[in-house]
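Spelled out, the chains give:
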Amino acid sequence: PPSGRLTARQQSILIQPARVRNSSKDAEVEAVNSATMVDSVDVVAIDRIFSGSAQLNADAIVEFVTHLCAVSREELDAAGDPQVYSLQKIVEVAYYNMSRVRLVWARIWEVLSEFFAEVGQHPNLSIAMYAVDSLRQLATKFLEREELLNYQFQREFLKPFQDLMGAAKSVEVRDLILVCLGHMVQSRARSIRSGWSSLFGVLSLAAADPLSSVAKAGFDLARDTVREHFALIGDHHPEGVSCIAGYLRQRPHVDIALSAAHCLADYAKLLHAAADAVGGAGGGEPAPAGGEGGGGSPAPLDLGPAERLWWPLLESLAEAVGTHPKPAVRAAALSALFGCADVELAPGGALHSPLGVRAFGELVLPIFAAAPSESGPPLTAHQAAWVDETGVPALSALERSFCAQHGLLAPLCEDVIALLARCLQQPHHATLSQVAAESLLQLVRETGATFSQETWARVCAELKSCFDASAGEAYDGAPPPAADGVAASPLLREVSAKVEAEAPEGSGPHELQVLLLSTVYQLLQSMYPSMKLADVEGLLNCMHAMYDKASRTLQAALDGEAAPPPAELGEAVHLRLEAMSYYLQVLFSLHDKLEPAAQAGTPKRGAPPPPLGSAGHVQLIAAAAEYRLVSFCLHVLRDYLRLRERSVGGADGAARELCATALAEMTPNVVTLLQGLLAFSGPQFGKHLPAFYPLLADLIHCESPQIAAVLRELFAQRVAPHLQAEAS
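Scoring rules and cut-offs
- Residues numbered from 1 in each chain as written.
- Predicted model: local features only at pLDDT ≥ 70, side-chain atom pairs only at ≥ 80, totals over all residues.
- Heavy atoms only, no water.
- Helix = DSSP H or I, 4+ residues; strand = E, 2+ residues; numbered from the N terminus.
- Buried < 20%, exposed > 50% of the residue type's maximum accessible area, 1.4 Å probe, protein only.
- Contact = heavy atoms within 4.5 Å.
- Areas by Shrake-Rupley, 256 points an atom, 1.4 Å probe, with all protein chains shown as cover.
- Patch = residues over 30% accessible without salt bridge, like charges linked within 9 Å, V, L, I, M, F, W, Y side chains within 5 Å.
- Salt bridge = Lys/Arg side-chain N within 4 Å of Asp/Glu carboxyl O.
- Lys, Arg positive; Asp, Glu negative; His and termini not counted.
- Polar contact = N/O pair within 3.5 Å; in protein donor to acceptor, adjacent residues only side chain to side chain.
- Core = buried A, V, L, I, M, F, W, Y, C linked by side-chain atoms within 4.5 Å.
- Axes fitted to C-alpha atoms, helices over the stretch in contact; angles between N-to-C directions.
- Parallel < 35°, antiparallel > 145°, perpendicular 65-115°, else oblique.
- Left-handed = near helix turned anticlockwise from the far one by under 90°.
- Nonpolar A, V, L, I, M, F, W, Y, C, P; charged D, E, K, R; others polar.
- Disulfide = S-S within 2.5 Å.
- Expected span 1.5 Å × (residues − 1).
- Phe/Tyr/Trp six-rings, centres within 6.5 Å; stacked < 30°, edge-to-face > 60°.
- pLDDT = per-residue confidence, 0-100.

A. Highlighting the overall build of the chain. Each helix and strand in the chain was counted, giving 30 helices and 0 strands. Residues counted as buried form 51% of the 728 residues belonging to the chain. Excluding contacts between residues fewer than 6 apart, the proportion of contacts in the chain whose partners are at least 24 apart in sequence is 77%. Counting only carbon and sulfur atoms, one obtains 56% of the accessible surface of the chain, whose full area is about 32300 Å².

Here it is, written out as structure tokens:
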């Protein structure tokens, strides 16, 4: 009462608790007491307590908020009927004090943010959602204020959403958080500065959510934010990239991962188009490396903005290509990865720098770490599927990307060559070997003109390693010395020694050996002017070693020294013919470059070798090829005549049949050889005719009409005129 005195009725009731009463009386007393207290409370005065909190000093308001949160905790902890009165008043106090100095407000919010994060996990869903909605109201109000330069109040203000997203067990609460953030982005995007950090942190946590609905809602918000507010994100694009990358890394939701791969490709295009505004931006707030809660490996903290921006993007795409279990996601990531690399490695791109070399070497090349190798075990079903669906197209894409920017990526040339050689050499996947061979040849054709001598030595050494592993046999007889007087590199000498050393019997897979022959043949055909003579001869040694190995297998079978299985013997006969054909073709091709007036032999003592690619260097290679060609042609003709002799009557039934088969298959190569002799220049033909004439005379008795036709032409056009000229 206004007088402050109690009425007689009130006094009698207040005295009642001292008396002994029954339970119904107790309830009546409690009700009257409550009514009395309510009547005596001045609501307006209580409201003035909260609204007047804006007048408290800095320390007092922090204490006030702290104790108000404590009271609210007691109300909310009531087991039977939790109350939200103090929670409502906390929101009001926050409104009243939001205009305080930022540092004071930060102290207040430190208390409130912890409180809201706690209440947002309340077991009563209504209270938890009320707390999240209260946070939304406060955040929307706070975002109306422009953030001061070099301050991060928005990030701290929105951080409770991030804390709640990681801790809340209720699906409804997590959904509501995303809805609240979506509302804030739509209504306050132009006011957001450092708040993007917490926003992307929340969305990154949503990427790891086991529920598809939550993860999809988070991805949709992240994608739409990037598309619609790209220019407003500013210095926080590294966190945006890491956020989208988190959706690509997650495994449970394949459709979301697939969409994330496409989204990263679109993000890269936006970043490229806005390179002047985004790439290399140095002002503004430095975003934490890798984003908040973004997952994956964050870029190192001491790196520049370009790396913080592009590294997580490329890393997530490369990781998906190498490890994601779904082929559709791997294919999308592969397309995005090399599409981005092709654009950004080019001049003017963000990666046209040492950063691009690092990214290619540390992110792209390791994709093939699990690719099969020559010494590795057979592929599992999963590995074989990866090679079929991803490894083969990825290897081709890598070669194209490297060739397109070989000037920038030249430091990685030997690593790329080693990778291609390893894939070519492995015996477990024929298609991968074929693609590796084609890629290696294409790489050499497009970039070989820029190779240093050391790089050529490495190319040859890698190919020789493949031959050594697949054929494993020696070149019979020491090769002629290097005519340029320059020894091969130590690596090349080491590999040549391996090739020229005796190896155990037995061939590698037939298809791989033929592929190696074809690869070296095409390489020598197109790139010999750029190669040192020692390297050219080293590869020729490898081709001859493979021929020699197959010939020994055939000869052992003919002599009865070994009885290889029919399949192995058939492969040896076929490989011998393939090696003979490629070897003859490349020798004739190199020999054709020899000018009739050129002087064969080494340069004068003390004279430097001709420069690579010069006419003198080409003549040096052609002269060395002549030595090999004449020796090998004589060997082939002798071998053909021996087989013919044994097929006529010098062997038993099985050996005679094998000789006849080998003779028939060898005939086309002998025809090619004779046609090559027919094309010799006059001085060359006359020089070598004494060695060839006895063999040509014996070939007259052969039954092959093809050989007989070429012999008639050879004797009529070359042998007879030469003998007549000699006689005169």
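B. Layout of a nonpolar patch on the surface. Where nonpolar side chains cluster on the molecular surface, the patch consists of Val 101, Leu 103, Leu 148 and Tyr 151 and spans about 400 Å² of accessible area. According to the relative accessible area criterion, Leu 148 is partly exposed, its value standing at 41%.

C. Here's a closer look at the environment of Val 636. Assignment of secondary structure puts Val 636 in helix H27 (residues 615–650). Since its relative accessible area comes to 0%, Val 636 is described here as buried. Each C-alpha atom, one on Val 636 and one on Leu 584, is 9.9 Å from the other, the two residues being 52 residues apart in sequence. Those residues in contact with Val 636 that lie beyond four places of it in its chain are Met 580, Met 666, Val 670 and Leu 673.

D. Broad picture of the side chain of Arg 100. Considering the arrangement of structural elements, one finds Arg 100 in the loop between helix H5 (85–97) and helix H6 (102–119). No salt bridge is formed by the buried Arg 100; the nearest opposite charge belongs to Asp 59, separated by 9.4 Å. Of the polar contacts made by the side chain of Arg 100, one reaches the backbone oxygen of Leu 56; its length is 2.6 Å. Apart from residues lying up to four places away in sequence, Arg 100 is in contact with Ser 53, Ala 54, Gln 55, Leu 56, Asn 57, Ala 58, Ile 61, Trp 105, Ile 108 and Arg 145.

E. Just the nonpolar core, in detail. Judged by nonpolar contacts, the single largest core of 220 residues is most densely connected at Phe 161 and Leu 674. Not counting residues up to four positions away in its chain, the partners in contact with Phe 161 are Val 132, Leu 135, Arg 136, Ala 139, Ile 177, Cys 180, Leu 181, Met 184 and Val 202.

F. Quick look at the side chain of His 236. Along the chain, His 236 turns up in the loop between helix H12 (230–233) and helix H13 (237–249). A distance of 2.7 Å separates polar atoms of two side chains, one belonging to His 236 and the other to Glu 239.

G. Local environment of the environment of Gly 676. Along the polypeptide, Gly 676 turns up in helix H28 (residues 653–678). With relative accessibility at 12%, the residue Gly 676 sits in the buried group. Distance from Gly 676 to Leu 584, taken between C-alpha atoms, is 9.1 Å for residues 92 residues apart in sequence.

H. Representation of the packing of helix H29 (residues 682–699) against helix H30 (residues 705–727) within the structure. Put simply, H29 and H30 touch, their axes get as near as 11 Å, and they point 125 degrees apart. When the axis of H29 is compared with that of H30, the two are oblique. Here H29 and H30 pass one another in a crossing that is left-handed. For the pair H29 and H30, the contacting residues are Gly 682, Phe 685, Gly 686, Leu 689, Tyr 693, Leu 696, Ala 697 and Leu 699 in the first and Leu 711, Leu 714, Phe 715, Arg 718, Val 719, His 722 and Leu 723 in the second. Residue composition of the contact of H29 with H30, by class: 11 nonpolar, 3 polar and 1 charged.

I. Structural context of the state of the cysteines. The final tally for this structure, using the stated rule, is 0 disulfides. For the unlinked cysteine Cys 263, the closest cysteine sulfur is that of Cys 243, found at 9.0 Å. A residue is classified by how much of its surface remains accessible, and Cys 263, at 6% relative accessible area, is buried.

J. Examining helix H16 (residues 327–344) more closely. Taking 1.5 Å of rise per residue, 18 residues should cover 26 Å, and H16 covers 25 Å from first to last C-alpha, within 8% of that figure. Looking at H16, one finds that the buried residues are Val 329, Arg 330, Ala 332, Ala 333, Leu 334, Ala 336, Leu 337, Phe 338, Cys 340, Ala 341 and Glu 344.

K. View of the pattern of salt bridges. As enumerated under the stated definition, the model contains 21 salt bridges in all. Of the charged contacts, one joins Glu 144 and Lys 141 as a salt bridge, the two residues approaching to 3.6 Å between their closest N and O atoms. Residue classification places Lys 141 among the partly exposed positions, given a relative accessible area of 34%. With its nearest N and O atoms 2.7 Å apart, the salt bridge here joins Glu 389 to Arg 330. You can see Glu 389 sitting in helix H18 (residues 381–404) and its partner Arg 330 sitting in helix H16, a full 59 residues away along the chain.

L. Local environment of the packing of aromatic side chains. Overall, the coordinates contain 15 aromatic pairs when judged by the stated rule. On the numbers, 4.3 Å between centres and 10 degrees between planes, the contact of Phe 142 with Phe 157 is stacked. Placement of Phe 142 in helix H7 (residues 125–142) and of Phe 157 in helix H8 (residues 153–167) is noted, with a sequence separation of 15 residues between them. Residue class for Phe 142 comes out buried when judged on its relative accessible area of 3%. Seen in terms of ring centroids, Tyr 693 and Phe 715 are 6.1 Å apart; in terms of plane orientation they differ by 75 degrees. Their pairing is edge-to-face. Placement of Tyr 693 in helix H29 and of Phe 715 in helix H30 is noted, with a sequence separation of 22 residues between them. A relative accessible area of 35% places Tyr 693 in the partly exposed class. Among the aromatic side chains, those forming a connected cluster through ring pairs are Trp 105, Trp 109, Phe 115, Phe 116, Phe 142 and Phe 157.

M. Quick look at H5. Compared with the 18 Å implied by 1.5 Å per residue over 13 residues, the 19 Å span of H5 between its first and last C-alpha is a close match. Those residues of H5 not exposed but buried are Ser 86, Leu 87, Lys 89, Ile 90, Val 91, Val 93, Ala 94 and Asn 97. Residues of H5 that are buried in the fold lie against helix H3 (43–51), helix H4 (58–76), H6 and H7.

N. Just the confidence of the model for the chain, in detail. Mean pLDDT over the chain works out to 81, with 83% of the residues at or above the 70 mark. Taken element by element, the predicted model of the chain shows its lowest mean pLDDT in helix H23 (residues 490–499) (36) and its highest in helix H11 (residues 212–228) (95).

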